[in-house]
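Each chain, letter by letter, is given below.
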Amino acid sequence: MFGDLMGMMGKLKETQQKVEATKQRLNSVFIDEKSSDNLLNVTVTANREIKTIQISDELLQDKEQLEDYLILTLNKAIKRAGEVHEAEVGAVAKDGMPNIPGMDMFS
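Given the structure is predicted, the values throughout are model-derived calculations rather than measurements. For every chain, the first residue of the written sequence is number 1, and numbering continues from 1 onward in sequence order. A pLDDT threshold of at least 70 governs which residues receive local features in this predicted model, and a stricter bar of 80 or more applies before side-chain atom pairs are shown or counted, although totals over entire chains, interfaces and linings include all residues. To get the side-chain values, take all heavy atoms of the structure and skip hydrogens and water.

### Remarks on unusual backbone geometry
Turning to step 1, where the next piece is worked out: Residue Asn38 is not a glycine yet carries a positive backbone phi of 65 degrees.
Turning to step 2, where the next piece is worked out: The way it works is that DSSP assigns letters per residue, a run of H or I at least four long becomes a helix, a run of E at least two long becomes a strand, and they are numbered from the N terminus. Structurally, Asn38 is set in the loop between strand 1 (30-34) and strand 2 (40-45).
Turning to step 3, where the next piece is worked out: One non-glycine residue, Arg48, adopts positive backbone phi at about 65 degrees.
Turning to step 4, where the next piece is worked out: Mapped onto the elements, Arg48 comes out in the loop between strand 2 and strand 3 (50-55).
Turning to step 5, where the next piece is worked out: By relative accessible area, which is 36% here, Arg48 ends up partly exposed. A simple rule labels every residue: compare its accessible area, found with a 1.4 Å probe on the protein chains alone, to the largest value its type can have, and call it buried under 20%, exposed over 50%, or partly exposed in between.

Next comes the structure, spelled out in structure tokens:
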């Protein structure tokens with residue numbers, strides 16, 4: 001019984017390390033998003049960190065319009081990055097979970 005428990009704990013620790021490694025790797029996965037008219041381009045990592053923002057000179061003339069563009073475009077990029085992040089980390093975590101009797105009802 002304790003051998004099984006120790007094996008499960010080891011597998012959980014290994015999975016935790018894989019999840020952390022995946023999170024680190026996602027720092028180099030870039031999501032590019034553009035406004036519909038290409039006046040604003042943003043790049044975020046799959047860990048939802050903003051890397052670049054490119055703003056057309058045309059948008060710099062209207063503060064309110066620029067703010068709207070930033071909100072819409074950044075939200076789209078962050079949503080896509082979140083989807084990639086959750087899929088990648090979720091796959092690693094699910095793959096590494098030990099087989100615990102009675103817990104298969106969550107699969």
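### What to know about a nonpolar patch on the surface
Turning to step 1, where the next piece is worked out: A cluster of nonpolar side chains, Ile50, Ile53, Ile55 and Leu60, forms an exposed patch at the surface whose accessible area comes to about 320 Å².
Turning to step 2, where the next piece is worked out: Looking at where Leu60 falls in the secondary structure, it is placed in the loop between strand 3 and helix 2 (63-96). Residues enter patches when they are more than 30% accessible in relative terms and free of salt bridges; like-charged ones are connected within 9 Å and nonpolar ones (Val, Leu, Ile, Met, Phe, Trp, Tyr) within 5 Å. Only the protein chains shown count as cover for residues, and the accessible areas themselves come from Shrake-Rupley with a 1.4 Å probe. What makes a salt bridge here is a side-chain nitrogen of Lys or Arg within 4 Å of a carboxyl oxygen of Asp or Glu, nothing more.

### Remarks on the environment of Leu66
Turning to step 1, where the next piece is worked out: Along the chain, Leu66 turns up in helix 2.
Turning to step 2, where the next piece is worked out: Between the C-alpha atoms of Leu66 and Leu39, which are 27 residues apart in sequence, the distance is 9.4 Å.
Turning to step 3, where the next piece is worked out: Should any heavy atoms of two residues lie within 4.5 Å, those residues are counted as being in contact. In this view, Leu66 contacts Ile55, Leu59 and Leu60; residues no more than four positions away in its chain are not counted.

### Describing the pattern of salt bridges
Turning to step 1, where the next piece is worked out: This structure, assessed with the given rule, holds nine salt bridges.
Turning to step 2, where the next piece is worked out: The shortest N-O distance in the salt bridge between Lys18 and Glu14 comes to 3.3 Å. Residue Lys18 and its partner Glu14 are both found in helix 1 (residues 2-25); the two are separated by four residues, about one turn of the helix.
Turning to step 3, where the next piece is worked out: Given a relative accessible area of 41%, Glu14 falls into the partly exposed group.

### Some remarks on the environment of Ile55
Turning to step 1, where the next piece is worked out: Checked against the element boundaries, Ile55 lands in strand 3.
Turning to step 2, where the next piece is worked out: For the pair Ile55 and Asn38, spaced 17 residues apart in the sequence, the C-alpha separation amounts to 9.0 Å.
Turning to step 3, where the next piece is worked out: In this structure Ile55 touches Leu39, Leu40, Leu60 and Leu66, once residues within four positions along its chain are discounted.

### Details of the pairing of strand 2
Turning to step 1, where the next piece is worked out: The buried fraction of strand 2 amounts to six of the six residues, a majority that puts the element mostly inside the structure.
Turning to step 2, where the next piece is worked out: Here strand 2 shows a buried face lined by Leu40, Val42 and Val44 and a second buried face lined by Asn41, Thr43 and Thr45.
Turning to step 3, where the next piece is worked out: Any two strands are treated as partners once DSSP identifies two or more bridges connecting them. Bridge count for strand 1 against strand 2 is five bridges, and the pairing is antiparallel. Residue Ile31 lies in a different strand from strand 2, and its bridge partner there is Val44.
Turning to step 4, where the next piece is worked out: Connecting strand 1 to the antiparallel partner strand 2 that follows it, the hairpin turn spans five residues, and Asn38 within it adopts a positive phi of roughly 65 degrees.
Turning to step 5, where the next piece is worked out: As paired strands, strand 2 and strand 3 are joined by five bridges and run antiparallel to one another.

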